[in-house]
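As a plain string of letters, each chain reads:
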Amino acid sequence: MREQTTISDVPPFDEPVFDNRVAFAEELIDIAHRDERIVAVCNDSVGSSNLVKFRAEFPDRVINVGIAEQNMVGVGAGLAARGLIPFVCGASPFLTGRALEQIKADIAYSQHNVILCGMSPGMAYGELGPTHHSVEDLSWLRALPGLDIVVPADAEQTRLAVRQAASHPRPTFIRVGRFKVPDVTHGAAKLVRGRFSTVRDGDDVTVIATGTMVSRALQAADVLAAAGVSVRVLDAAYIAPLDIEAITAAAGATRGIVTAEEASVSGGLGAAVASVVAQLPAPARAPMRILGVNEFAPTGSTAYLLDHFGLNVDGIVTAVKELLTE
Amino acid sequence: MMIAAPDSLRDWQAERSEIAQLPTTAAGERLRARAQRTRRSIIRMIDQAGAGHIGGDLSATDILTSVFFGVMRVDPNEPTAPDRDCFILSKGHCAAALYSTLAAAGYVDERELDTFMAPGSALNGHPSRGKVAGVETSTGPLGHGLPVGVGTAIAAKLTGSDARTYVVTGDGEMQEGSNWEALMSAAQYHLDNLTLIVDRNRLQQGARTEETNGLDPLDTKLASFGWDVREVDGHDFGQLLTALTTPSDRPVAIIANTIKGKGVSFMEDRVEWHHKVPDAEQVRRALAELEPA
């Protein structure tokens, strides 16, 4: 068992890691220079949403409503109603949980072009506990028609997500990861609406991973390659709209699908993929393993919790091997 | 599907300008006649649909009429014009009152009112943005309109527009905590371009507000949140117009004391008419009572 440390403790990587939140903040400032319709709305989270520099440059364009998430999302809708492009930023558990009805009625159903930025999602708040984890966000938001869900896998994809949301504003939720992750897109980051991207090709098993799990899926693919197993890794940066084509292709071309997400197994990426696979004709109905969070987390750092739930290289390798023995 | 009004119905701007020229008393008379037509329309819509929230529709009618025909600077031909005033009916269950008012104002074809809540109609039981011109945001769940109104008011400030935002809430709706979040924000952001009108009919779905989760003293509460509070008879057009047009350096909250079911004697101030549907005889009696004097 890993020794427990503070919430700044991040899962270990051998490779260099990059900060999603810095990428997010830099990109937002950059587009705000070019487009005066860009505004930021937050819930006393100027610091935790990395908006300090943005506020220094655009003091009037940060609307801090205080600790009031329902109002925050409603205000975002009102700003969009008059033609502004609001980036509504808050810790993901409170943004999506506390203001879920506002996200449903004011953003998705009303089709106000608001960009909801779920900061520090998943189990990034580690030992602060399940109240501060945001593992339900994907499940909750997937049920809302008309809301895009974007989960960038690295800093470069985070930049793309911000840039694209600003240039083609539509109701969108972006998960902005708290801890640093390796560069998984290597200068060739792609982000196409409604598409997964293939970050590694292979033909034995497909791993569909999202966000922080993409780097682990690539590491797992390396381990498996050494054992003679060829793994296809898909980066599911778009959870909604869902890439049904890529899922169907993976189910047909490989012997099974493993999904990996720092989110609940009830209704998240894995459930989304399974609902596609289950409706395929019998021969294409590939077996699956769904890796995610299945209970309120025990106390522990993010790294500890990811290990606890098997959201690591070993967990993915084991799941792939299980599928190959079926 | 957006419903646009045919040209023949677009006499509203002229009527509005005319009303604006009149002294308050004469303007009030014009608005009263307009409101009675809207009430008859509401009765017919709910009769036809077999559903609706008749009590709150009738309590809010004079407020909606005053706002749309007395103060709003909007053009139904250009419902999303950048400088438009914004209106948000936060008590979205009173959609029939809103649709009837929007029809009178030229946003909605009056013939479409017959489709209220019919399968496939744009006129859902609660207003849906994108389906009906003039609906700034979808409402229905309570406590949503004021935060959105704070957003439109902040946006007007940021873009240098002198547009105003008007939000109508129910009084029972003020039990929703989100409203109080928004009230704080409006004061914090000095939103002197925002007007809240509380339809204070003192009844909510199941009982009197004060027997359920008391709001009084609502004026003191709103004032302590930094709002300029004005209390009026919500069926007196002179008082409504004065409260709506008197400028302030703060956000303005108008507590409009109203009667739920106003205008139909057997519905007035009776809790069961929150969403009861009148039978044929009751419809006949209601329409007779609402005939112009």
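Residues numbered from 1 in each chain as written. Chains lettered and ligands numbered in written order. Predicted model: local features only at pLDDT ≥ 70, side-chain atom pairs only at ≥ 80, totals over all residues. Heavy atoms only, no water.

I'd like to hear about the overall build of chain B, residue by residue, with values.
Within chain B, the regular secondary structure consists of 10 helices and five strands. Each principal axis of the C-alpha atoms in chain B carries an extent, and together these give about 50 × 45 × 40 Å. For chain B, the computed accessible surface area is about 11,000 Å², with 49% contributed by carbon and sulfur atoms. Distance between charge centroids for chain B: 1 Å, based on 29 positive and 40 negative side chains. (Helix = DSSP H or I, 4+ residues; strand = E, 2+ residues; numbered from the N terminus. Areas by Shrake-Rupley, 256 points an atom, 1.4 Å probe, with all protein chains shown as cover. Lys, Arg positive; Asp, Glu negative; His and termini not counted. Charge placed at Lys NZ, Arg CZ, Asp CG, Glu CD.)

Explain the overall build of chain A to me, using residue names and the numbers behind them.
Helix and strand counts for chain A stand at 12 helices and 14 strands. In terms of C-alpha radius of gyration, chain A reaches 19 Å, essentially the compact-globule figure of 20 Å for 326 residues. When the 326 residues of chain A are sorted by exposure, 62% land in the buried category. Across chain A, every contact between residues at least 6 apart in sequence was considered, and the portion connecting residues at least 24 apart equals 78%. Across chain A, the 27 positively charged side chains and the 37 negatively charged ones have centroids separated by 4 Å. (Rg over C-alpha atoms; globule rule 2.2 N^0.38 Å. Buried < 20%, exposed > 50% of the residue type's maximum accessible area, 1.4 Å probe, protein only. Contact = heavy atoms within 4.5 Å.)

Can you tell me about the packing of helix α3 (residues 69–81) of chain A against helix α5 (residues 100–109) of chain A, naming the residues and giving the values?
Residues and elements named next belong to chain A. Following both chains from N to C, one finds α3 and α5 inclined at 5°, their axes separated by 9 Å at the closest point. The orientation of α3 with respect to α5, classified from their angle, is roughly parallel. Between α3, through Gln70, Val73, Gly74 and Ala77, and α5, the contact on the second element is made entirely by Gln102, Ile103, Asp106 and Ile107. Per-class residue counts for the contact of α3 with α5 are four nonpolar, three polar and one charged. (Axes fitted to C-alpha atoms, helices over the stretch in contact; angles between N-to-C directions. Parallel < 35°, antiparallel > 145°, perpendicular 65-115°, else oblique. Nonpolar A, V, L, I, M, F, W, Y, C, P; charged D, E, K, R; others polar.)

So, the side chain of B:Ser161: which residues are in play, and what are the values?
Tracing the backbone through its elements, the reader meets B:Ser161 in the loop between α5 (145–158) and β2 (165–170). Side-chain polar atoms of B:Ser161 contact the side chain of B:Asp83, separated by 2.9 Å. Reaching out from B:Ser161, the side chain makes a polar contact with the backbone nitrogen of B:Ala163 at a distance of 3.0 Å. Those residues in contact with B:Ser161 that lie beyond four places of it in its chain are A:Arg82, B:Asp83 and B:Ala156. (Polar contact = N/O pair within 3.5 Å; in protein donor to acceptor, adjacent residues only side chain to side chain.)

Residues and numbers for the nonpolar core, please.
Judged by nonpolar contacts, the single largest core of 69 residues is most densely connected at A:Leu79, A:Leu116, A:Leu147, A:Ile208, B:Leu194 and B:Leu196. Composition of this core by domain shows at least three residues from each of domain 1 (17–182) and domain 2 (197–324) of chain A. Not counting chain neighbours up to four residues away, the residues in contact with A:Leu116 comprise A:Val73, A:Val88, A:Leu95, A:Ile103, A:Ile107, A:Leu147, A:Thr172, A:Phe173 and A:Ile174. (Core = buried A, V, L, I, M, F, W, Y, C linked by side-chain atoms within 4.5 Å. Domains from an automatic or database assignment.)

Tell me about the sheet that holds strand β13 (residues 257–264) of chain A, and name the residues and values.
Strand pairing in a sheet is mediated by backbone hydrogen bonds. Such pairs are either parallel or antiparallel. Residues and elements named next belong to chain A. Spatial strand order, β9-β11-β10-β13-β14: five strands in an open sheet with mixed pairing. Two strands lie at the open edges of the sheet, namely β9 (197–200) and β14 (288–293), each paired on one side alone. In this sheet, adjacent strand axes meet at a mean angle of 25° when their direction is disregarded. Its contacts with the sheet put helix α9 (residues 244–253) on β10 (205–209), β11 (231–235) and β13, and the angle it makes with β11 is roughly 170°. (Pairing = 2+ DSSP bridges.)

Tell me about the interface of chain A and chain B, and please be specific about residues and values.
Each side of the interface is counted separately: chain A has 26 residues, and chain B has 31 residues. Summed over both partners, the interface of chain A with chain B buries about 2,200 Å², with 52% contributed by carbon and sulfur atoms. When the buried area of chain A at its contact with chain B is split by residue, A:Asn71, A:Arg82 and A:Tyr109 rank highest and sum to 33% of it. At the junction of chain A and chain B, the tally comes to zero salt bridges. There are 15 residue pairs in polar contact (both at pLDDT 80 or more) connecting chain A and chain B. Its residues assigned to classes, the side of chain A that touches chain B shows 12 nonpolar, nine polar and five charged. (Buried area = accessible area lost by both parts, 1.4 Å probe. Salt bridge = Lys/Arg side-chain N within 4 Å of Asp/Glu carboxyl O.)

Which residues make up the confidence of the model for chain B, and what are the values?
On average, residues of chain B score 94 in pLDDT, and 95% of them are at 70 or above. Interface confidence for the predicted complex, expressed as ipTM, amounts to 0.94; the pTM equals 0.95. (pLDDT = per-residue confidence, 0-100.)

Break down the packing of α3(A) against helix α6 (residues 177–188) of chain B for me, citing the residues and quoting the values.
Here α3(A) crosses α6(B) at 65°, and the two axes come no closer than 8 Å. One element, α3(A), and the other, α6(B), form an angle in the roughly perpendicular class. As for the relative orientation of α3(A) and α6(B), their crossing is right-handed in sense. Along its contact with α3(A), which presents A:Glu69, A:Gln70 and A:Asn71, the element α6(B) presents B:Ser178, B:Glu181, B:Ala182 and B:Ser185. A per-class count over the contact of α3(A) with α6(B) returns one nonpolar, four polar and two charged. (Left-handed = near helix turned anticlockwise from the far one by under 90°.)

Tell me about unusual backbone geometry, and please be specific about residues and values.
Residue A:Pro241 follows A:Ala240 across a cis peptide bond; omega there is -5°. Here A:Pro241 is to be found in the loop between β12 (238–240) and α9. Look at the link from B:Asp216 to B:Pro217: it is a cis peptide, with omega at 0°. Within the secondary structure, B:Pro217 sits in the loop between α7 (209–213) and α8 (218–224). At B:Arg202, a residue that is not glycine, the phi angle is positive and equals roughly 65°. The class for B:Arg202 is partly exposed, based on a relative accessible area of 31%.

I'd like to hear about helix α4 (residues 95–104) of chain B, residue by residue, with values.
Residue and element names in this part refer to chain B. Where burial is concerned, most of α4 is hidden: 10 out of the 10 residues are buried. Of the residues making up α4, those classed as buried are Ala95, Ala96, Ala97, Leu98, Tyr99, Ser100, Thr101, Leu102, Ala103 and Ala104. Downstream of α4 by a residue or two, Gly106 has a phi angle that is positive, lying close to 90°.

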